[in-house]
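Below, each chain spelled out in residue letters.
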Amino acid sequence: MSRELTVGQVAERSGFAVSALHFYERKGLIRSHRTSGNQRRYDRDVLRRLAIVRMGTELGVPLTEVAEALSHVAAGHAPTVADWRRMSEHWHEKLTRRIVLMTRMRDELNGCIGCGCLSTASCPLMNPGDRLAGEGSGPRRLMREGDDSYES
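Values in this document were obtained by computation on a predicted structure and should not be read as measured data.

## Remarks on the pattern of salt bridges
In this structure the tally under the stated criterion is three salt bridges. Linking R86 and D83 is a salt bridge whose minimum nitrogen-to-oxygen distance equals 2.5 Å. In this pair, R86 and D83 are both assigned in helix α5 (residues 81-108), three residues apart and thus about one turn of the helix distant. Judged by relative accessible area, R86 falls into the partly exposed class, the value being 40%.

## Digging into the side chain of S32
Residue position: S32 is located in the loop between α2 (18-26) and β2 (33-34). In this structure the side chain of S32 is engaged in a polar contact, spanning 2.5 Å, whose partner is the side chain of E25. Not counting residues within four places of it along the chain, the set of residues in contact with S32 comprises E25, R40, R41 and Y42.

## Some details on unusual backbone geometry
Among all residues save glycine, negative phi is the norm, and among peptide bonds the norm is trans. One non-glycine residue, N38, lies in positive phi territory at about 65°. Tracing the sequence through the fold places N38 in the loop between β2 and β3 (40-43). Take N38: its relative accessible area is 53%, and that puts it in the exposed class.

## Focus: the sheet that holds strand β1 (residues 4-5)
If you trace the three strands from one edge of the open sheet to the other, you get β1-β3-β2, paired in antiparallel fashion. Of all strands in the sheet, those bounded by a partner on one side alone are β1 and β2. The sheet contact formed by β2 and β3 spans two bridges and is antiparallel. Residue pairing in the sheet places R34 in a bridge with R40 of β3.

## Looking at the nonpolar core
Membership of the largest hydrophobic core comes to 23 residues, with the highest contact counts inside it found for V10, L21, Y24, L50 and M87. Counting residues per element, this core draws most heavily on helix α3 (residues 46-58), at five residues.

## A look at the packing of aromatic side chains
Counting across every chain of the model gives two aromatic pairs. Here F16 and Y24 contribute two aromatic rings whose centre-to-centre distance is 5.1 Å and whose plane-to-plane angle is 80°, an arrangement assigned as edge-to-face. Classification of F16 as buried rests on a relative accessible area of 8%. Overall, Y24 belongs to the buried group, its relative accessible area being 9%. Each residue in the set F16, F23 and Y24 is aromatic and connected to the rest through ring pairs, giving one cluster. Taking the ring centre of F16 as reference, the NZ or CZ of R54 above it sits at 4.1 Å.

Analysis parameters
- Residues numbered from 1 in each chain as written.
- Predicted model: local features only at pLDDT ≥ 70, side-chain atom pairs only at ≥ 80, totals over all residues.
- Heavy atoms only, no water.
- Salt bridge = Lys/Arg side-chain N within 4 Å of Asp/Glu carboxyl O.
- Helix = DSSP H or I, 4+ residues; strand = E, 2+ residues; numbered from the N terminus.
- Buried < 20%, exposed > 50% of the residue type's maximum accessible area, 1.4 Å probe, protein only.
- Polar contact = N/O pair within 3.5 Å; in protein donor to acceptor, adjacent residues only side chain to side chain.
- Contact = heavy atoms within 4.5 Å.
- Pairing = 2+ DSSP bridges.
- Core = buried A, V, L, I, M, F, W, Y, C linked by side-chain atoms within 4.5 Å.
- Phe/Tyr/Trp six-rings, centres within 6.5 Å; stacked < 30°, edge-to-face > 60°.
- Lys NZ or Arg CZ within 6 Å of the ring centre and 35° of its normal.

Structure follows, in structure tokens:
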């Protein structure tokens with residue numbers, strides 16, 4: 001099995017369109033090299049990097065954060081356990097916080113999220129007197145600042 005893949009093979013294996021691969025390459029998430037005939041070739045490790053890109057984007061992680069996480073894993077060589085550990089340690093806290101917020105949103109979306117929209121008129125139990133307005137803007141009940149408990 002060849003270690004090098006064509007752009008078509010990478011597209012087929014990763015599920016990304018060729019145009020997306022070119023975009024991710026321009027953004028520095030993946031890299032290719034050129035053959036003597038000026039055709040793109042990718043090392044097989046690009047499939048793992050693209051799997052991380054896919055999962056990150058599916059979970060709503062901004063591409064800049066995906067790129068930052070991938071910057072801890074050198075492109076062009078088979079990543080070691082230590083490489084992936086560095087990346088996952090960097091991303092772990094952000095992903096944990098995102099999980100907490102998504103869980104809260106799922107569980108509390110049909111109730112008061114503390115956004116202040118109509119809380120003074122329609123939410124006397126969850127936010128009496130619009131007390132959450134004193135904590136700041138946005139969905140105060142979902143975005144509990146300083147909440148390190150990670151409980152929903």
